[in-house]
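Close look at the chain arrangement
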Amino acid sequence: MRHSPSEDETPGAFNQDLLLPLLVAEYKRKDDANVFKAMNQCRVYLVSALSFLKALGVDDQPVFGLVVSGARGALVMAWQDDEKYFIMERNVRHYDITDTMNAFQFATVLVRLAKHAQTLREIFETKHREGLLKMIKEPKLHRALWWSKSAQIMEQA
């Protein structure tokens with residue numbers, strides 16, 4: 001169970017409790033029929049990740065998805081503009097990790113995504129963290145935080 005940091009703990013330890021989604025993945029065994037299922041599931045994951053970020057106040061950053069069938073995978077990207085979601089899934093880069101060069105290129109992409117994750121964390125910390133903490137302190141004022149069963153019962157009454 002997580003707790004608030006005490007004065008003797010590392011100052012940055014509490015800041016890492018909230019995980020921000022950047023890369024979602026869906027893996028299926030090698031089968032052409034499963035690729036479409038994997039892509040559909042990845043779309044759901046992407047929209048969910050974007051919705052989560054928007055609830056935190058971060059609505060100007062992309063989220064990436066990895067759709068894998070066997071040893072082949074494709075990297076897709078999604079972003080949100082107002083109430084519309086956009087998923088870039090055509091003409092994307094495919095990787096076959098059984099090929100040495102493809103595996104190296106894919107690893108390079110993952111390193112770049114890790115750097116982007118640091119940027120996303122910095123954006124959240126500088127622009128949106130304080131607003132989220134205010135919302136948490138006064139949850140009755142913010143309907144976005146009415147997720148508990150008791151809050152739902154109160155809303156239904």
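Residues numbered from 1 in each chain as written. Predicted model: local features only at pLDDT ≥ 70, side-chain atom pairs only at ≥ 80, totals over all residues. Heavy atoms only, no water.

As for the overall build of the chain
Of regular secondary structure, the chain possesses three helices and five strands. Counted from the first residue to the last, the chain has its helices and strands arranged as β-α-β-β-β-β-α-α. Across the 157 residues in the chain, those meeting the buried criterion constitute 29%. On the chain, roughly 11300 Å² of surface is accessible, and the fraction owed to carbon and sulfur atoms is 57%. (Helix = DSSP H or I, 4+ residues; strand = E, 2+ residues; numbered from the N terminus. Buried < 20%, exposed > 50% of the residue type's maximum accessible area, 1.4 Å probe, protein only. Areas by Shrake-Rupley, 256 points an atom, 1.4 Å probe, with all protein chains shown as cover.)

A look at unusual backbone geometry
Of note in the backbone geometry, aspartate 82 takes a positive phi value of approximately 55° without being a glycine. Mapped onto the elements of the fold, aspartate 82 is located in the loop between β3 (72-81) and β4 (84-88). The backbone of asparagine 91 shows a phi angle near 55°, a positive value even though the residue is not glycine. On the secondary structure map, asparagine 91 appears in the loop between β4 and β5 (94-96).

Looking at the pairing of strand β2 (residues 63-69)
The element β2 is extensively covered by neighbouring structure, given that seven of its seven residues are classed as buried. Burial of β2 is two-sided: the residues Val63, Gly65, Val67 and Ser69 facing one way and the residues Phe64, Leu66 and Val68 facing the other way are all buried. In this structure, strand β1 (residues 23-28) lies alongside β2, joined through six bridges in parallel fashion. Residue lysine 28 lies in a different strand from β2, and its bridge partner there is serine 69. Here seven bridges tie β2 to β3, and the two strands are oriented antiparallel to one another. Each residue of the ladder has a partner; that of valine 63, found in β3, is alanine 78. Linkage of β2 to β3, two consecutive antiparallel strands, is achieved through a turn of two residues, within which glycine 70 is found at a positive phi near 70°. (Pairing = 2+ DSSP bridges.)

Looking at the pattern of salt bridges
The full count for this structure, using the stated rule, is four salt bridges. The partner of arginine 43 in a salt bridge is glutamate 89, with the nearest N and O atoms 2.7 Å apart. Of the two residues, arginine 43 is situated in helix α1 (residues 32-55) and glutamate 89 in the loop between β4 and β5; the sequence distance between them amounts to 46 residues. For arginine 43, a relative accessible area of 27% translates into the label partly exposed. (Salt bridge = Lys/Arg side-chain N within 4 Å of Asp/Glu carboxyl O.)

Details of a nonpolar patch on the surface
A cluster of nonpolar side chains, contributed by Trp79, Phe86 and Met88, occupies part of the molecular surface with about 260 Å² of accessible area. Its location among the elements puts methionine 88 in strand β4. (Patch = residues over 30% accessible without salt bridge, like charges linked within 9 Å, V, L, I, M, F, W, Y side chains within 5 Å.)

Focus: the packing of aromatic side chains
Here the structure, examined in full by the defined rule, presents two aromatic pairs. For the ring pair tryptophan 79 and phenylalanine 86, a centre distance of 5.6 Å and an interplane angle of 20° mean the geometry is stacked. Note on phenylalanine 86: relative accessible area 31%, which makes it partly exposed. Note on tyrosine 95 and phenylalanine 106: the rings are 5.3 Å apart at their centroids and 50° apart in plane angle, and the pair reads as tilted. Placement of the pair is tyrosine 95 in strand β5 and phenylalanine 106 in helix α2 (residues 100-137), with a sequence separation of eleven residues. Considered together, tyrosine 95 and phenylalanine 106 belong to a single accessibility category, that of buried residues. (Phe/Tyr/Trp six-rings, centres within 6.5 Å; stacked < 30°, edge-to-face > 60°.)

A word on the confidence of the model for the chain
The predicted model of the chain averages 80 in pLDDT, with 79% of residues at 70 or higher. Taken together, the stretch residues 1-14 has pLDDT below 50 and engages in six contacts with residues farther than four places along the chain or on a different chain. (pLDDT = per-residue confidence, 0-100. Contact = heavy atoms within 4.5 Å.)

Re the nonpolar core
Ranked by size, the top nonpolar core spans 29 residues in total, and within it Leu20, Cys42, Leu46, Val63, Val76 and Phe124 carry the most contacts. Elements with a minimum of two residues in this core: α1, β2, β3 and α2. Counting residues per element, this core draws most heavily on α1, which supplies seven residues. Apart from residues lying up to four places away in sequence, leucine 20 is in contact with Leu53, Leu56, Leu120, Arg121 and Phe124. (Core = buried A, V, L, I, M, F, W, Y, C linked by side-chain atoms within 4.5 Å.)

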